[in-house]
Amino acid sequence: QVQLVESGGGLVQAGGSLRLSCAASGRIFSNYGLGWFRQAPGKEREFVTFISWSGGSTYYADSVKGRFTISRDNAKNTIYLRMNSLKPEDTAVYYCALHGGGSYRSPQQYDYWGQGTQVTVSS
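Below is a summary of the structure that appears in this document. Numbering of residues starts from 1 in each chain and follows the order in which that chain's sequence is written. Under the rules for a predicted model, residues below a pLDDT of 70 receive no local features and side-chain atom pairs below 80 are neither given nor counted, while totals for whole chains, interfaces and linings still include all residues. For side-chain calculations, the full set of non-hydrogen atoms in the structure is used, while hydrogens and water are omitted.

1. Structural notes on the side chain of Thr78
(1) Moving on: Residue placement: Thr78 occurs in strand 8 (residues 78-83).
(2) Moving on: Classification of residues uses two cut-offs on accessible area relative to the type maximum, computed with a 1.4 Å probe and protein chains only: under 20% is buried, over 50% is exposed, and between them is partly exposed. The buried category is assigned to Thr78, whose relative accessible area is 9%.
(3) Moving on: A polar contact is formed between the side chain of Thr78 and the backbone oxygen of Lys76, at a distance of 2.8 Å.
(4) Moving on: With near-sequence residues (within four places) excluded, Thr78 lies in contact with Ser21, Cys22, Ala23, Phe29, Arg72 and Asp73. By the criteria applied, helices consist of DSSP H or I runs no shorter than four residues and strands consist of E runs no shorter than two, each listed in order from the N terminus. N or O atoms within 3.5 Å of each other form a polar contact, as long as, within protein, one can give a hydrogen and the other can take it, and as long as residues adjacent in sequence are counted only when both atoms are side-chain atoms. In what follows, residue pairs with any heavy atoms lying within 4.5 Å of each other are defined as contacts.

In structure tokens form, the structure reads like this:
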């Protein structure tokens with residue numbers, strides 16, 4: 001069993017920054033890639049970013065490229081999402097998830113999910 005716990009969400013003005021964390025337990029964390037997804041009210045869950053097991057490969061949605069940075073610390077079983085230049089359209093619940101294989105952009109390819117953390121960006 002795997003547990004993922006996100007933290008770091010909150011309310012921020014447009015142009016501001018936040019750093020989300022996702023702490024994992026219950027499995028050998030360093031063997032797996034992890035992703036961040038987000039879901040706004042009335043919308044489907046969408047891919048934000050992915051980091052490979054080693055941290056050597058990262059991928060981003062076009063909407064966040066250049067503004068968001070994913071990283072991981074395998075010694076702490078934690079991944080991070082640094083979000084800069086936030087926009088109101090970034091408002092959503094952000095989820096981290098453990099990748100089970102296949103397309104990293106598809107939520108269906110993730111086996112475990114955190115409970116989510118709310119990010120609200122005011123204009």
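Read on, since the account is not over.
2. What about the nonpolar core?
(1) Moving on: Leu4, Trp36, Phe68, Ile79, Leu81, Met83 and Tyr94 are the most contacted members of the largest nonpolar core, which has 33 residues in total.
(2) Moving on: Looking at this core, the elements that each hand over two or more residues are strand 3 (18-25), strand 4 (34-39), strand 5 (46-51), strand 7 (68-73), strand 8, strand 9 (92-99) and strand 11 (117-122).
(3) Moving on: The element contributing the most residues to this core is strand 9, with five residues. Only buried Ala, Val, Leu, Ile, Met, Phe, Trp, Tyr and Cys residues count toward a nonpolar core, and they belong to the same one when joined by side-chain atoms within 4.5 Å.

3. Quick word on the pattern of salt bridges
(1) Moving on: By definition here, a salt bridge exists when the distance from a side-chain nitrogen of Lys or Arg to a carboxyl oxygen of Asp or Glu is within 4 Å. Taken as a whole and assessed by the stated rule, the structure comprises four salt bridges.
(2) Moving on: Residue Arg38 is joined to Glu46 by a salt bridge in which the shortest nitrogen-to-oxygen separation is 2.6 Å.
(3) Moving on: Owing to a relative accessible area of 6%, Arg38 belongs among the buried residues under this scheme.
(4) Moving on: Between Asp90 and Arg38 there is a salt bridge, and its shortest N-O distance comes to 2.9 Å. Here Arg38 lies in strand 4 and Asp90 lies in the loop between strand 8 and strand 9, a separation of 52 residues in the sequence.
(5) Moving on: Looking at Asp90, the relative accessible area reads 1%, which means it is buried.
(6) Moving on: If you follow the salt bridges from partner to partner, you end up with Arg38, Glu46, Arg67 and Asp90 in one network.

4. With respect to the packing of aromatic side chains
(1) Moving on: Any Phe, Tyr or Trp ring, taking Trp's six-membered ring, that has another such ring centre within 6.5 Å forms a pair; planes under 30 degrees apart are called stacked, those over 60 apart edge-to-face, and the others tilted. By the definition in use, this model includes nine aromatic pairs.
(2) Moving on: Their ring planes at 80 degrees and their centres at 6.3 Å tell us that Tyr95 and Trp113 sit as a pair that is edge-to-face. Placement of the pair is Tyr95 in strand 9 and Trp113 in strand 10 (residues 110-113), with a sequence separation of 18 residues.
(3) Moving on: Following the ring pairs from residue to residue traces out a cluster consisting of Phe37, Phe47, Phe50, Tyr59, Tyr95, Tyr104, Tyr110 and Trp113.

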